[in-house]
Amino acid sequence: MYKITLIPGDGIGPEITKAMKKVIKKTGVEIEWEEVKAGMEVIDEYNTPLPNYVIDSIKKNKIAIKGPITTPVGKGFRSVNVALRKKLDLYANVRPVKSFKGIKNRYEDVDLVIIRENTEGCYSGIEHKIGDYGAETIKIITRPACERIVDFAIDYAKQNNRKRITGVHKANIMKLTDGLFLDIYKDRVENTEFETDDLIVDAAAMNLVLNPEKYDVMVMPNLYGDILSDLCSGLVGGLGLIPSANIGENYAIFEAVHGSAPQIAGKNIANPTAIIQSAVMMLRYINENESADKIEKAIEIVLKNGNVLTADLGGNSSTDEFSDEICKYI
Ligand code: NAI
């Protein structure tokens, strides 16, 4: 019996995490969920969207899975997601993007992984106004953070039998910050067994749209990973499909790439695939590989059959019907 922290989150979070729990239960893996609330629903009571009990629970259980949490745009509290990654030093964000058969994709043979530095870059949270004239944000790139994210990408490539690593940067313009990332990247990948190259982020965006099948493992600073992973999810059928893992030395949090989708919250129409795929990553993290394989196969079958799909994938089934269909094949 595992004990794992579950943060249902805001918007569609409670619906998709409920579906995820049902699918895991069907595999027979026994998990005691320690459910803790964070985000909009606790802010009035605790005067923060991230009360200490959330961090305490994750520190105790070491592993968490979370639904999305709403972040006010341009005002209000800072992102809970960013705060969790920083407080628990979850330095590597891993986002596998793969095309599924049966889904109306723009591309059928995408199989790449975005590895995003998760603790610094443009997400330092250090911003200030310059009177009425403007505002300034400070982008921080450090040698230790670059070294560990590039090493993580190399290890990931080894463990997952990948062939190629691409470093993404904007070192032509940000010569010191991204220049440091690029130097470290080149130095670290130079003597590995992988085919390696590097790309400026704007060129990377274009190449990913033109020839995504050419890419394999891609490693990059924080903001580029955020943007390119949404771009890549668009290549294979949308945000409803793409999972992620936030990994550190001591803790890990698994979550969908998408946000709280407030427009469709509470309607039982959200696609739970991304959070279920995140649970698959979690099962692999705890070495429950057989159950992870079973869920992955079941998702493939349901998407290929194509008769029970949520609206974002062109169907008209509910979140519950879709997750029940996955359970049928486990
Ligand atoms: P979003 O990912 O919530 O939605 C973008 C579009 O994708 C919308 O049309 C939405 O309906 C659709 N969508 C997303 N997930 C879906 C799913 N599972 N099934 C079907 N359709 C889905 O992005 P948006 O609107 O920019 O952000 C909403 C809120 O979520 C914001 O407050 C944002 O800060 C937060 N957010 C939280 C994240 C997290 O907790 N890790 C990540 C991204 C955004």
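For the structure given in this document, a descriptive report is provided here. (Residues numbered from 1 in each chain as written. Predicted model: local features only at pLDDT ≥ 70, side-chain atom pairs only at ≥ 80, totals over all residues. Heavy atoms only, no water.)

Before going further, it helps to examine the pairing of strand S1 (residues 2–7). With five bridges joining them, S1 and strand S2 (residues 31–35) adopt parallel strand pairing. The residue of S2 that forms the bridge with Lys 3 is Glu 32. Note that the unit made of S1, helix H1 (residues 13–27) and S2 has a crossover that is right-handed. Examined bridge by bridge, S1 and strand S3 (residues 63–66) share three bridges and lie parallel to one another. Residue Thr 5 lies in a different strand from S3, and its bridge partner there is Ala 64. (Pairing = 2+ DSSP bridges. Helix = DSSP H or I, 4+ residues; strand = E, 2+ residues; numbered from the N terminus. Right-handed = clockwise from strand over helix to strand, strands pointing away.)

Within the secondary structure, Ser 291 is located in helix H10 (residues 289–305). Residue Ser 291 is classed as buried on the basis of its relative accessible area of 7%. Residue contacts for Ser 291: discarding those within four places in its chain leaves Thr 27, Val 29 and Leu 283. (Buried < 20%, exposed > 50% of the residue type's maximum accessible area, 1.4 Å probe, protein only. Contact = heavy atoms within 4.5 Å.)

An order of S2-S1-S3-S12-S11-S4-S5-S10-S8-S9 is seen for the ten strands of this open sheet, with the pairing classed as mixed. Two strands in the sheet have a free side with no partner beyond their single neighbour: S2 and strand S9 (195–200). Strand after strand, the sheet turns through a mean of 25° between neighbouring axes, direction not considered. By the bridge criterion, four bridges tie strand S5 (residues 111–117) to strand S10 (residues 217–220) in an arrangement that is parallel. (Axes fitted to C-alpha atoms, helices over the stretch in contact; angles between N-to-C directions.)

To continue, consider the nonpolar core. Ile 115, Phe 254 and Leu 303 are the most contacted members of the largest nonpolar core, which totals 83 residues. Once residues within four sequence positions are removed from consideration, Leu 303 is found in contact with Phe 100, Lys 101, Gly 102, Ile 103, Leu 241, Leu 309, Leu 313 and Phe 322. In terms of nonpolar packing, the next biggest core, distinct from the first, is built from 16 residues, Ile 7, Leu 84, Leu 88 and Ile 253 among them. (Core = buried A, V, L, I, M, F, W, Y, C linked by side-chain atoms within 4.5 Å.)

As a structural note, the neighbourhood of the ligand is formed by 21 residues, with Ile 69, Thr 71, Gly 259, Ala 261 and Asn 271 the closest of them. One of the backbone N or O atoms of Asn 271 is found 2.9 Å from a nitrogen atom in the ligand. Relative to its free-state accessible area of 810 Å², the ligand is covered by the protein chains to the extent of 69%. Looking at the shell around the ligand residue by residue, the class counts come to nine nonpolar, nine polar and three charged. (Near = heavy atom within 4 Å. Polar contact = N/O pair within 3.5 Å; in protein donor to acceptor, adjacent residues only side chain to side chain. Areas by Shrake-Rupley, 256 points an atom, 1.4 Å probe, with all protein chains shown as cover. Nonpolar A, V, L, I, M, F, W, Y, C, P; charged D, E, K, R; others polar.)

What follows covers helix H4 (residues 80–87). The complete set of buried residues in H4 reads Val 80, Asn 81, Val 82, Leu 84 and Arg 85. With a side-chain oxygen positioned 3.1 Å from the backbone nitrogen of Asn 81, the residue opening H4 is Ser 79. Trailing H4 by a residue or two, Asp 89 shows a phi angle of about 50°, which is positive.

Because the α-helix completes a turn every 3.6 residues, residues three or four places apart line up on one side. Taken as a whole, helix H11 (residues 319–328) has its buried residues at Thr 319, Phe 322, Ser 323, Glu 325, Ile 326 and Cys 327. Buried positions along H11 lie against H1, helix H9 (273–285) and H10.

With respect to the helices, strands and loops of the structure, Asn 307 is situated in the loop between H10 and H11. You can call Asn 307 exposed: its relative accessible area is 59%. Along the sequence, Asn 307 and Ser 317 sit ten residues apart, while their C-alpha atoms lie 8.7 Å from each other.

Glancing now at unusual backbone geometry. Positive phi is not limited to glycine here, since Ala 261 has a value of about 40°. With respect to the element layout, Ala 261 can be found in the loop between strand S12 (252–256) and H9. Overall, the relative accessible area of 23% leaves Ala 261 in the partly exposed class. We note that Asn 268 has phi near 60°; this positive angle belongs to a residue other than glycine. Note on placement: Asn 268 falls in the loop between S12 and H9. Asn 268 sits in the partly exposed class, given a relative accessible area of 25%.

If you walk through the whole model with that rule in mind, you get 22 salt bridges. In this structure, Lys 3 and Glu 32 form a salt bridge, with 4.0 Å as the shortest nitrogen-oxygen distance. Taken together, the residues Lys 3 in strand S1 and Glu 32 in strand S2 connect sequence positions 29 residues apart. According to the relative accessible area criterion, Glu 32 is partly exposed, its value standing at 39%. Here the salt bridges share partners, and the residues they tie into one network are Lys 3, Glu 32, Glu 34 and Lys 60. (Salt bridge = Lys/Arg side-chain N within 4 Å of Asp/Glu carboxyl O.)

Throughout the structure, instances matching the rule amount to three aromatic pairs. Relative to Tyr 53, the ring of Tyr 46 lies with its centre 5.3 Å away and its plane at 70°, an arrangement referred to as edge-to-face. Taking 5.6 Å as the distance between ring centres and 65° as the angle between the ring planes, the aromatic pair formed by Phe 254 and Tyr 285 counts as edge-to-face. With Phe 254 in strand S12 and Tyr 285 in helix H9, the pair connects residues that are 31 residues apart, well separated along the chain. When its relative accessible area of 35% is taken as the criterion, Tyr 285 is described as partly exposed. Residue placement shows Arg 116 over the ring face of Tyr 123; its charged tip is 5.2 Å from the ring centre. (Phe/Tyr/Trp six-rings, centres within 6.5 Å; stacked < 30°, edge-to-face > 60°. Lys NZ or Arg CZ within 6 Å of the ring centre and 35° of its normal.)

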